[in-house]
Every structure is written in structure tokens, then in C-alpha cells.
There are 2 protein chains.
Amino acid sequence: MKTERLAEAIYHSNPLVNTEVKEAAIAGIIDFIAASYQAKNEKEPALIVEMILEEGGNGKSWLIGKSIQVTRAQAALFNGLQAHLLDYDDVHSDVRGHPSAVILAALFAAGDPDTSGERFLAAYVVGVEIMARFGEAMNPYHYTKGWHNTATLGVIAAAGAIAYLREYSPRLIAETMSLAATQACGLRIQFGTVVKPLHVGIAAQNAVKSADWIRAGLHSNPDFLNEKLGFFEVYTENIVYDVAVNWGDSWRIVKPGLWFKQYPFCSAAAHGADAAVFLHEKYKLSEEAIQAINIRFPPNGDAALIYKNPATGEEGRFSIEYIVWLALTGKPLTFSFFESKPIPSVWRESVQKITRENDASIKPSEAAIPAGRFTIVDVTTNSGEVLSKRIDTPKGSPRNPLNKAELREKLLRAVGDEAKAEMLIAATHNLYRTTLGVFQEIEQNI
Amino acid sequence: MKTERLAEAIYHSNPLVNTEVKEAAIAGIIDFIAASYQAKNEKEPALIVEMILEEGGNGKSWLIGKSIQVTRAQAALFNGLQAHLLDYDDVHSDVRGHPSAVILAALFAAGDPDTSGERFLAAYVVGVEIMARFGEAMNPYHYTKGWHNTATLGVIAAAGAIAYLREYSPRLIAETMSLAATQACGLRIQFGTVVKPLHVGIAAQNAVKSADWIRAGLHSNPDFLNEKLGFFEVYTENIVYDVAVNWGDSWRIVKPGLWFKQYPFCSAAAHGADAAVFLHEKYKLSEEAIQAINIRFPPNGDAALIYKNPATGEEGRFSIEYIVWLALTGKPLTFSFFESKPIPSVWRESVQKITRENDASIKPSEAAIPAGRFTIVDVTTNSGEVLSKRIDTPKGSPRNPLNKAELREKLLRAVGDEAKAEMLIAATHNLYRTTLGVFQEIEQNI
């Protein structure tokens, strides 16, 4: 049974013997906290808190960035929504989506103050591993069909991570993932609405509930990867894939690794953004000096960038035209430009000067992640000169990662309180030796 | 926009002007209460209650058959699981699944004590209509692929019913159904486990949450039936179907109508069960007098009856061999024979005498529901005589329905307390003139 082999592999996982793996997990948690805090004062998390307080319940978990205790299901929903709200959380190229938002939202909700920090880190690594391997098995069919991978693969990965965290038997690991798989949902048609981040909260919540139901004594079919009527048969076309093969030979949280975003927009726009920032810093062109802009991608390299002429900043998260124009004209790529308010009409006129091109004749760099991706920005000035910049590995991507200082800076900006940010960083670095309660203490004491 | 037309149609629905429709809704509620009470003392509802009490929360809704108040989400989950637990709840041939378990579980959870009974009945009719029309649009592809229709179509139908109950605008009806559609889930690979009825509770819960989130101010993509990346494109292949066409010309709760089960097993076995009961009553054969049994279906007429040699009574719900043998040898088709305990070995030996046949040469009756379905039981005695009975419209199916006295009897057996059963029946018949609180009063006063 494919599911049985996978559950056995998860059960016997011991990823932290590798120091690089441990460091990657620590960085992932810091970035997750940064993305969560950055969204802390938005209106949707406040609305969810209001609904949680109205619903009530016996607190077992806490909300990231808040000091109130709520039920596990409520915490998972809130933590997931908040982490993904600004599209500022990490990305993984095997997943074709956002692993940490859903896995850590679920793990923080499912854990207790006395949960071992070491086990928590390992569970996170295991969750990313599950999600990346399911991504490999199911893409591109699954994503292309219209599924929101972050949610559909995330619920299974998060369920497996919780089952590992709680040291369930292989049989119950399989049953927990099976119960999560039968709740896998989330349609890409919701992209551009708040339902996209809500999907992440729903997936985290369904993972937590699956783990709780199985622990309480409900039983699911343990072989959800069966070829007949199983998860792969319904959700993709590659039904004979063995997800557990070579488990533990390397860990996908390190290789290829997580991508930590610098900017709050779709990672497919990161190459072009870096190119435009470079051109602005080098040439300091005024808006009037620019006659035309052409942006070149490999075939399909811009598939996720669905808005050419966005109406709102929220749609602008998926518009290479808007992002390149902001950067070229010296605007900082900060949150205020990517909110759900209309884009000023001056930008809309400027965007008319911009064209896109998919060019199959350009050889991609072998270092590029995602594989084969590049973006070239060509600016034609009024004097007829063409200024050009090509990016293969944008800042933040695994081959050009944020260093420790840059990650610290990301967290600091998000938290807005240096002392608290330093405490969160220290707690994460020490988590290996302590328990999950350290985070809750930081929230309660400040 | 297809979704907009559907939402407008739902918004303007006024089904109760037709007395037949009102009577059908009343019968559906009585049958739902019967199926729910029948499962009341099983272990899984008790386990869910235990988890609900541990989770806590501010009560707004109540559990069918209990006097405690819980959150809307908790009530929806419990009500859905309980109603479908014994596979004793109604069936609809357009749905290819169980409409009332999910729609009424959600509506009872979403309503308040002062909710108009008239509006509640109408919302139930609207929900069945949505579910049947989605069933027509998506089957057989959707069911064959491996989806559990009752859950995947049910969540959308229940969400639409709640939005109608609460008099949401057409725009918010569309957004509520869209938010439900992006949570549609449930795999048939879980059939034969408690996850099958749990799916119903999850679907009802997701419907309630969708309606609450939209009311609170979250927004989804209102056009979830868009041809590009929309619900039909991802979940079926018939993406151009117009669900709203001729809305209200007739109501599917009446035509073809609901099927109320006599017995706690898959409705696909009901024809054979009735035939076997007839043969037993007419000939009173002893077990020793039977040499062989052959059961004939139209092609694929036995597709749902996946166990030929069931190991447990729970699997026996999907075994025509087990059910026919029970009936022919004079065993009553009662709950004790369909529990999750092993079937006595004496039955297993007897089952060896039974064969199945799919016979395309037999002309189905035009009255048959589902269309084209029949079952013929042929018994060969030790003296070589062949005794035969054919059933096209089993008792309980829309063309041979339970009459009022039989439905009352079903509820009475389930409730086990004649006074209380009569109060529930009277409350349902009077619901049109009162509010939903009448049910809660009955629970609290007894």
C-alpha cells in the first residue's frame, strides 16, 4: 500500500540530525512570524477575531501576534488566514504554493505550551517534505486544472505534520492524512479575493480537526492513495506515483529550499521587480524619459501574472506591468501599493507603455528556481537608448536567499517593536532546546 | 453570468404556493427526524457530543434529539453525521445521493428559535432543488470519478438554502454558494467507514460557516460557475450547463420526489429486499429447502452494491446477497443486522448459494425510479421449482411512497416514545404557521 509506506516513512523521520535542515526550519519560522505580524492590523484578521469571540469556546491554543486563547480550530483558521493575507509568506517551487503558512498555522494551533520545540521543528520539516512530494506527484495537472495547491496539498501535509508532532502510530498517521485528503478543497477562481488566504486558514483548520477526530476514535480508510477511487485518481492524473521513495535522503526544506519574499506580491513577479529596481538605481530615469518598456519571459513564465491592467492594488499583486512601473519610477515596493483600493489613474496611463513577450529562444540559467524561469526588462528611453536587465535568481529565492540580517530586518519591520522582534528571533533559535510555550509567553508579557 | 441567473432564481423562489410541495417538505422533515433519532444512541454521535462539550462555545443552535445548545458549526456537524449515520435517510434520484441529511442539518443549525417556519420549509425546498439540478448537471461523471455527491453537491445546496432562509441579496446568495463550492469535498473511497456520514456533517458545517462569513463581511468571487477555472470545470466535464433554466416550473422535491427508506441499507438494494420479503411471506421456505438464488439487474443496476461477501453488517448495507438471504430466511431487515460487528459464519456459508446477473434483455418499467432500475429474485428449491419475483418500484420510492401512517410508524419506532413522536409530527405539520423554536421546546420539555 502506497499510503502505508508513506506513513511508515513519516513515522520514522528524524530530519534534525542535519544542521542545515534545522537552520532552514528556524528561518522558515522567522519568516512565517514576519508574514503573520505584517498582516496583524489588516481588517480581515480583526473580523475573524470578532467572530471567534462571538463563537466562544475553551481556549487551548493562541493566535499568532495576540494574547488571547481560543479553540484549536479557531487558532488554525486565524493563523492560516493571517499568514497568507498579504501574499508575503514563503513559496516552494516543488509545491507551486506556500507551505509554511498552512503547515505552521496548523502546528501552532495543534501544539500545546509543553510541546517539545525539537519535535515541533522536525514536524515542520516533515510537513514541508510531504507537501513538496505531493506537489511533484500532482503538478502541473492539479494546478492547471484549477486547484489552489497551497490549500489542497497543504491540508494533507499539515495533517501529516500534526500526526508526527503528536507521535501517532503509522496507522493513525495514515488515517489522519486520509481524513484530511477527503476534505482537500480550494479553487483558484477565488484568487484576487480574500478567499485565497481564507483557503489557507480552512486547510489548517481541517488538518487540526482531522488529527483531533482520529485521536478521539473515529476511523477513516487508511489507504487514501489507493489507485482505485483514491486521492490521486480524483485530483490528478499521475495515479501511480510513489510519494515515499527515497524518503529522508535529503529534505526539500533545504533542497531546493524555501523562498522568502522581499515584497508582498506573487513570486512570479520577483524577477521583473528586481530588474526594475536595478535599472532605477543605476539610471534614475524620470517618468517622462521612458518611452516604452518590454518585459520578456520564457514561455508560460508569466502564467500566474493574470492582470495586465489591474484596477486595485490587490490585483496589482499579480501584475508585472504595475510592479515594474512602480519600481522603475522610484516607488518603493511596499504594502501601501498593494492594498484593495483603486490604483491612481496616473499609473493606468503609464501602464499603456508596457508590453510583454514570451521568448523561447533565450537559454535559461541552470541556477534558476523555479527551473527555467527568467525575466528581462528592456527600457527604451526618449532618446532611443535601450537599457536592459536580466534576472534569473531574484533576491529571496533559494539560490539568492535573504541572509540572517535581512530576515531579521523583515521581521523587525513587521513587528514594529525591536525588543519584541529580538525576543521572537531568540525564542525561535532556542526552540530546539525549549517548548512551544516560549512564544505564548512573549505574547502575554508584552 | 450563470451564477447570477441562479442566484436571482433562488432569491425569487416561492415554492410553497403549491400544496403538494408543502406536503413533500413536511414529509421530508419527518423522515429526517426519524433517521436522526434512529441513530441517537450509537457511539459516534456520543463521541461528537463529548468533543463538542470539550470544545465549548456560545450556544446558538441545538442538536437534533438533544436539549443542549451549541455553536452553529457544532450543531451542523452533529446533525449531519447523525442523520446519515445508519444510511436510513432519504435519497433523490437526480442527486444520486441524500439531500435532506445535509440540507436540513445545515438549516436547523443556521436557523434561530424565531425563524419563520414557512421560510424554513421554503428554504428546504430550494435546497433540494439546487442539489437535484447540480446532480443533473454533474452526473454521472462526478460520481463515477470518485466524489461523494451528498457532500460535494450538498454543501452548495445547503449554503444556498441558508442564504435564502436569511433573505440574503442575490449577490450574497452567489457569494455564499461560491464560498461553499470552494470547500466542496468528500471522496467515495471513504464509503464503508464512519467518514461517509461525517462527510455530511462536514458539508453542513461548511455551508453554515460560508453563510456566516459572507454575512460578516468577507467576499468571495460571486461567479463560481464561470466556465474558466469554475466549479463545473474542476469537478465535472459538463461545464456549459445552465442550472437555473425553467426554475420554479416544477419542484424536484415533488417530481420525481424524495425516496424515504424502509430499511437501513443502500437504496439500490431496496428492490431485491422487497422481492425477497414477498417470496418469504408467500412461500415460507426453510433455509434447507433453498438450493440456489439468482438475482437479476439491468446493466450497472448493482454498481453501488460493492460487497458480495460482506464481513460486517456495516458492509452488508451494500450487499444484495446478504440482504436477500436475510429476508428469504425470515429475518427482519432491522438495524441489528447492519451494525459494524461480524456477520455470523452461518450466513457466510449460505451466501455461497447466491449468484448475480446483469440482464440487458429485460425491458425496464417506465414507472421505475431511478429510471430503468429493476431487480428480479429467482429462488430454486430443492425440488427444482423456480419461484420468482420482480420489483420495479420498491416500497418507499417515489412511485410507491410510504403513506402518512407508515411515515408516522417510522418516526415512532425511531423516537421510541409515542407522546414525543406525536408532538414532533404535530410540530412539523404546524411549522408553516409557527417558528423553528417549537422543535427546541419539545426537546427541552421532555
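All values derive from a computational prediction rather than experimental measurement.

Scoring rules and cut-offs
Residues numbered from 1 in each chain as written. Chains lettered and ligands numbered in written order. Predicted model: local features only at pLDDT ≥ 70, side-chain atom pairs only at ≥ 80, totals over all residues. Heavy atoms only, no water. Helix = DSSP H or I, 4+ residues; strand = E, 2+ residues; numbered from the N terminus. Rg over C-alpha atoms; globule rule 2.2 N^0.38 Å. Areas by Shrake-Rupley, 256 points an atom, 1.4 Å probe, with all protein chains shown as cover. Lys, Arg positive; Asp, Glu negative; His and termini not counted. Charge placed at Lys NZ, Arg CZ, Asp CG, Glu CD. Pairing = 2+ DSSP bridges. Axes fitted to C-alpha atoms, helices over the stretch in contact; angles between N-to-C directions. Contact = heavy atoms within 4.5 Å. UniProt positions renumbered as here; feature names shortened; annotations may be inferred. Least-squares fit on C-alpha atoms with pLDDT ≥ 70 in both. 1 Å grid on protein atoms, 1.4 Å probe; cavity = no way out; pocket = protein on both sides within 12 Å on 5 of 7 lines; lining within 4 Å. Points joined across faces, edges and corners; volume = space filled by probe spheres on them. Salt bridge = Lys/Arg side-chain N within 4 Å of Asp/Glu carboxyl O. Buried < 20%, exposed > 50% of the residue type's maximum accessible area, 1.4 Å probe, protein only. Left-handed = near helix turned anticlockwise from the far one by under 90°. Buried area = accessible area lost by both parts, 1.4 Å probe. Nonpolar A, V, L, I, M, F, W, Y, C, P; charged D, E, K, R; others polar.

Helix and strand counts for chain A stand at 19 helices and 6 strands. Taken over C-alpha atoms, the radius of gyration comes to 22 Å for chain A, in line with the 22 Å a tight globule of 446 residues would show. A principal-axis box enclosing the C-alpha atoms of chain A has dimensions of 75 × 50 × 40 Å. Of the roughly 15,500 Å² of accessible surface on chain A, 49% is carried by carbon and sulfur atoms. Counting 44 positive and 51 negative side-chain charges, chain A places the averaged centre of each group 1 Å from the other.

Residue and element names in this part refer to chain B. Strand order in the open sheet made by the 4 strands is β4-β3-β5-β6, with mixed pairing throughout. Single-partner strands in this sheet number two, and they are β4 (354-358) and β6 (386-391). Neighbouring strand axes in the sheet, compared pairwise and without regard to direction, differ in orientation by 15° on average. The sheet contact formed by strand β3 (residues 290-297) and β4 spans 5 bridges and is parallel. Bridge assignment links I295 to a residue of β4, and that residue is R356. Strands in contact with helix α13 (residues 270-283) are β5 (375-381) and β6; relative to β6, the strand with the most contacts, it is inclined by about 140°. Helix α15 (residues 320-328) contacts β3, β4 and β5 of the sheet and is inclined by roughly 130° relative to β3.

Turning our eyes to something else, we now look at the UniProt feature "domain: MmgE/PrpD N-terminal" (unreviewed entry) in chain A. Per the UniProt record, "domain: MmgE/PrpD N-terminal" (unreviewed entry) is found at residues 18-238 of chain A. Here residues 18-238 of chain A runs as 64% helix and 2% strand, with 32 Å between its end C-alpha atoms.

Below, the discussion takes up the relation of the copies chain A and chain B. Applying a rotation about an axis and a shift along it to one chain copy brings it onto the other copy. For the pair chain A and chain B, the best superposition has an RMSD of 0.1 Å and corresponds to a rotation of 180° with a translation of 0.0 Å parallel to the axis. In the structure described here, the two chain copies are related by an operation that fits a two-fold rotation axis. It is G57 of chain A whose C-alpha, among those of chain A, lies nearest the rotation axis, at 1.8 Å. Both copies share a contact surface, since 100% of the interface residues of chain A are interface residues in chain B too.

The gaps left among the atoms become clear once a water-sized probe is rolled over them. Counted according to the given criterion, the structure contains 6 cavities of 30 Å³ or more. Its volume calculated, the largest cavity comes out at about 90 Å³. Y141, K145, W147, V234 and Y235 of chain A together with Y141, K145, W147, V234, Y235 and T236 of chain B are the residues that line the largest cavity. The set of elements that each furnish at least two residues to the lining of the largest cavity consists of α7 (141-145) and α11 (231-235) of chain A together with α7 (141-145) and α11 (231-235) of chain B.

Here we come to unusual backbone geometry. Cis geometry is adopted by the peptide bond preceding P140 of chain A, which originates at N139 of chain A and carries an omega value of 0°. Within the secondary structure layout, P140 of chain A lies in the loop between α6 (117-138) and α7.

All names here are of chain A. Throughout the structure, instances matching the rule amount to 48 salt bridges over all chains. Across the pair D212 and R166 runs a salt bridge whose closest N-O atoms are separated by 2.8 Å. With a gap of 46 residues between them, D212 in helix α10 (residues 195-216) and R166 in the loop between α8 (149-165) and α9 (170-181) connect regions that are remote in the sequence. Per residue, the accessibility class of D212 equals that of R166, and both read buried. Via salt bridges that share partners, D94, E129, R133, E136 and R252 belong to a single interconnected network.

It is at 14 Å that the axes of α10 of chain A and helix α10 (residues 195-216) of chain B come closest, and there the two elements cross at 145°. Of the two possible hands of crossing, α10 of chain A and α10 of chain B adopt the one that is right-handed. Residue-level inspection shows L198, I202, Q205, K209 and W213 of chain A of α10 of chain A in contact with α10 of chain B, the latter providing L198, I202, Q205, K209 and W213 of chain B.

This part is about the sheet that holds strand β4 (residues 354-358) of chain A. Residues and elements named next belong to chain A. Pairing is mixed across the open sheet formed by 4 strands, whose spatial order is β4-β3-β5-β6. The open sheet terminates on both sides in strands that have one partner only, identified here as β4 and β6 (386-391). Put simply, the sheet's adjacent strands are angled 15° from each other on average, direction ignored. Helix α13 (residues 270-283) rests against β5 (375-381) and β6 of the sheet, and its axis sits at about 140° to β6. Across the sheet, helix α15 (residues 320-328) touches β3 (290-297), β4 and β5, and the angle it forms with β3 is around 130°.

Residues and elements named next belong to chain A. Of all 7 residues making up β5, 6 are buried, and the element is well covered by its neighbours. Of the pairings in the sheet, the one linking β3 to β5 comprises 6 bridges and is antiparallel in character. The residue of β5 that forms the bridge with A292 is T380. Relative to β6, β5 is paired through 6 bridges, and the arrangement is antiparallel. Along β6, the bridge assignment pairs V379 with L387. Connecting β5 to the antiparallel partner β6 that follows it, the hairpin turn spans 4 residues, and G384 within it adopts a positive phi of roughly 90°.

Let us now look at the interface of chain A and chain B. Counting residues at the interface gives 56 residues for chain A and 56 residues for chain B. A combined buried area of about 4,300 Å² lies between chain A and chain B, and 64% of that area is made up of carbon and sulfur atoms. Per-residue buried area on chain A facing chain B is highest for T182, I189 and L229 of chain A; these three make up 15% of the total on that side. There are 2 salt bridges connecting chain A and chain B. K60 of chain B is the partner of E54 of chain A in a salt bridge, and the nearest nitrogen-oxygen pair spans 2.7 Å. At the level of elements, α3 (43-55), α4 (72-84), α7, α9, α10 and α11 of chain A are the ones that each hand at least two residues to the side of chain A that touches chain B. Here the residues of the side of chain A that touches chain B are counted per class, giving 25 nonpolar, 20 polar and 11 charged.

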